[in-house]
Structures are given as C-alpha cells and as structure tokens.
Amino acid sequence: MQTFRNRLFLPLKFYFDKKARNLHFIFFELTHKCNLNCRHCGSDCTKDGSSNDLPADIVIKTLNEIKAKYDPHRIMVILSGGEPTIYPGMWDLAGKITNLEFSLGMVTNGLNWDKETIKKAKESRFHSITVSIDGLEESHNWLRGNVSSFRKAKNALKMILDTPEIYKKDVITCVNKRNIKELDKIYQMLKETGLKRWRLTSVDPIGRAGKDPDLFLEPEDFVRLLEKIREFRNRKEMQVMYGDNGYFGPCYENEVRPRPFFCSAGINVAGIMVDGAILACPNIDRKFSQGNIYKDSFIDVWENRFKPFTDRSWKKTGKCSDCSEWSLCQGGPMHLWKHDEKTLSLCHFKDLIEKKR
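So, here's what we can say about the structure. (Residues numbered from 1 in each chain as written. Predicted model: local features only at pLDDT ≥ 70, side-chain atom pairs only at ≥ 80, totals over all residues. Heavy atoms only, no water.)

**Thoughts on helix α8 (residues 219–235)**
Residues spaced three or four apart along an α-helix face the same direction, because each turn holds 3.6 residues.
Here is step 1: With 17 residues, α8 ought to run about 24 Å at 1.5 Å a step, and its terminal C-alpha atoms sit 25 Å apart, in line with that.
Here is step 2: Buried within α8 are the following residues: Pro-219, Asp-221, Phe-222, Val-223, Leu-225, Leu-226, Lys-228, Ile-229 and Phe-232.
Here is step 3: Buried residues along α8 sit in contact with β5 (168–175), α7 (183–193), β6 (197–202), β7 (239–242) and α12 (348–356). (Helix = DSSP H or I, 4+ residues; strand = E, 2+ residues; numbered from the N terminus. Expected span 1.5 Å × (residues − 1). Buried < 20%, exposed > 50% of the residue type's maximum accessible area, 1.4 Å probe, protein only. Contact = heavy atoms within 4.5 Å.)

Quick look at the structure:
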C-alpha cells in the first residue's frame, strides 16, 4: 500500500520531473505494415503494402539534431510499428542509430526471427528487445491471428535470451478475457526459459482493440490480475510488473510495479509517427500532435510546444474533477484521453478497481 510518505513525496516528484523535462525515450513509428493481424492492435496496423514508411534519413536527421543538444547516452531510441523487423533497411538504420551513441530497443512479435536476425541484432548493438507472448499457444495464436505465432515467438525469445550482447530482454503479455485463467501456467513457462523480467498489461480501448469489447477485462478479473501480479512479485523468482498505462489507487500502486504510476508523455517521452507527426507518446490521440518532423525542428517542438503535457490541470474535469487521487494520478495516462469528448476512455482506478469493491 502507498505510505503517507509516498503520498507527500510523489506530487513533488511529478513537479520536479515536469520542470526538468529530460528526454529519456524517443519512439519512431517506422511503419504501419505488419506480418500479423492482431485483435488487440492499438494502432490499426495492416499487411497492406501501400502505406508509406517513415524514411530512415528522417530518423537519422532527427537524432543528429537531438545529439547536438542532449547527451545521447541518456536517451533510448525505440523502433516501433507495425512490426519493425519488416521495415526495409531496418538493421542498417539500427546500426547508424547506435553509431550515434543512443541506446536502442524494439518490441517484436517474433515472427521473423532466426539465426540471421539474431546476428543482425548483435551487429546493430541492440540494447533492449521485448517479445510479445500473449498466453499459452491457443490463446496467443487466437489473439495474434496466426497459427505459427506462438511457436515463433517462443523461439525468438529463446534466441534472444541466449544472446548476452542484448543486455535487456523481457516479455510483455496483454491479458484479456481468454488468457486471464492461464497466468500461473504462463508464469511457469516463462520462468523455465530463464526469463528475468515479465511485464503484463491489459487491453486498452484504442485502435482496433477499441472495436472488440470481448477483449476487455471485467472489474473482478482486472483486480484478479493485480492480485496475481502481487503474488508473483512476492515469489522473487522473476521481476514481474504491470505496465505504466494506468493509476491503481492506494491499494495496488506500490504492489504491482517497482515505481508508482507516472505518465511520462511529453515529459520524458516523445514519439515521431509514420506520417512525421511529433507526439508526446506514440499511442495518444493524433489531435495532440505538436508539429511535424517534415517541417518543424524536433528540438523546437520538444522545448517550446509541449505545455499541455507539463501542466495537466485542463484534465481536471468529468470523473477527474473531484477525485481524491488527482495529485498522484494527474488525470491518468495521456493515451487514454479522448480529445473530442474531453474525458478518459478508461480510468483503471474508478472504472475497474473501485467497481470491484
């Protein structure tokens, strides 16, 4: 449970983080193309080859601009999509990024990985690779829409775990109505691979997932998920945590992840989308775009146009207007804010946890 000290300390931490605004992560959405058709996709990616990609020279130009102003050793570049491994020239681009001295990471579905892929990842000096494994075989393949997906994701994970040059490796699991009953078996399966870090999250009502209500956990199952994470963490066999996409109130905040919730969008995190839009996070409403990399300086946008993300008092409306947790939550994660309706599409604390009580 949150201590009295934390409830005093965290608002001060938020204040100083927002004041400093140190860039820690920048995401580049390289492509909307994907080799899967996942039910829970947050960005509506497609196998359609007609969509445009983000040019590699734009990525390098942006990073050169960032390096001229900030220390690249303190910033991690995350390559995303779509599936980043199908982006043409991805490995060449990755090598250029690490030559600029940025740390480099990606999240992958594992479908493309083989010995040659591992060789290229080592040569490109990837610091961090996350593999998505969303249940046991039947549940994972159902969610991913491919009968080979589970087998290939597990094989990718094994190869990545066996590669010491990749410093940080973990698995992310998206918990839904179908795999919520499998958590103990998934835990055991991952522990047996030698995995040291497992992140769990639940489906958010964005992108394609927003059109499939069968994916969303009911309040009792969401609380069950948090209780299970707390149990796993107490075993101390693996670092298990919930992701950073929601505030859970005083009962769970210090119990299910190593640090309390804090939405870093526009404070420590930025994203450049496949169309060049400069956002505070790759998953937020595109209407929050603060500029476009094809015509704007990233540094100018980062330093001068991100006030809506540092002062979030405009979010104190609707269900947030009289919430006792405002000082610790600050209106929840930005990617769940519905720009036109001026409200959160989901408040984990009020819509799930408190409803279970």
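**Points about the sheet that holds strand β1 (residues 25–29)**
Here is step 1: The 10 strands lie next to each other as β7-β6-β5-β4-β3-β2-β1-β8-β9-β10, forming an open sheet whose pairing is mixed. Each edge of the open sheet carries a strand with a single partner, namely β7 and β10 (291–292).
Here is step 2: Pairing analysis gives two bridges linking strand β9 (residues 277–279) to β10, with the strands arranged antiparallel. Residue pairing for β10: Ala-277 is matched across the bridge by Asn-292.
Here is step 3: Sheet strands in contact with α7 are β5, β6 and β7, and its direction is about 155° off that of β6. (Pairing = 2+ DSSP bridges. Axes fitted to C-alpha atoms, helices over the stretch in contact; angles between N-to-C directions.)

**A word on the packing of helix α6 (residues 149–161) against α7**
Here is step 1: Two numbers describe how α6 lies on α7: the axes approach to 10 Å, and their chain directions differ by 35°. Residue-level contacts link Phe-150, Lys-154, Leu-157 and Leu-161 of α6 to Met-189, Leu-190 and Thr-193 of α7.
Here is step 2: By residue class, the composition of the contact of α6 with α7 is five nonpolar, one polar and one charged. (Nonpolar A, V, L, I, M, F, W, Y, C, P; charged D, E, K, R; others polar.)

**A word on helix α4 (residues 115–124)**
Here is step 1: Inspection of α4 places Thr-117, Ile-118, Ala-121 and Ser-124 among the buried residues, and these make up the whole buried set. Along the axis of α4, the buried residues cluster in a sector spanning 130°; they form a single face.
Here is step 2: Buried residues along α4 sit in contact with α3 (90–99), β3 (103–108), β4 (128–132) and α6.
Here is step 3: If you check the start of α4, you find a side-chain oxygen 3.0 Å away from the backbone N of Glu-116, and it comes from Asp-114.
Here is step 4: Arg-125 sits one or two positions beyond α4 and adopts a positive phi of about 65°. (Arc of directions from axis to C-beta. Polar contact = N/O pair within 3.5 Å; in protein donor to acceptor, adjacent residues only side chain to side chain.)

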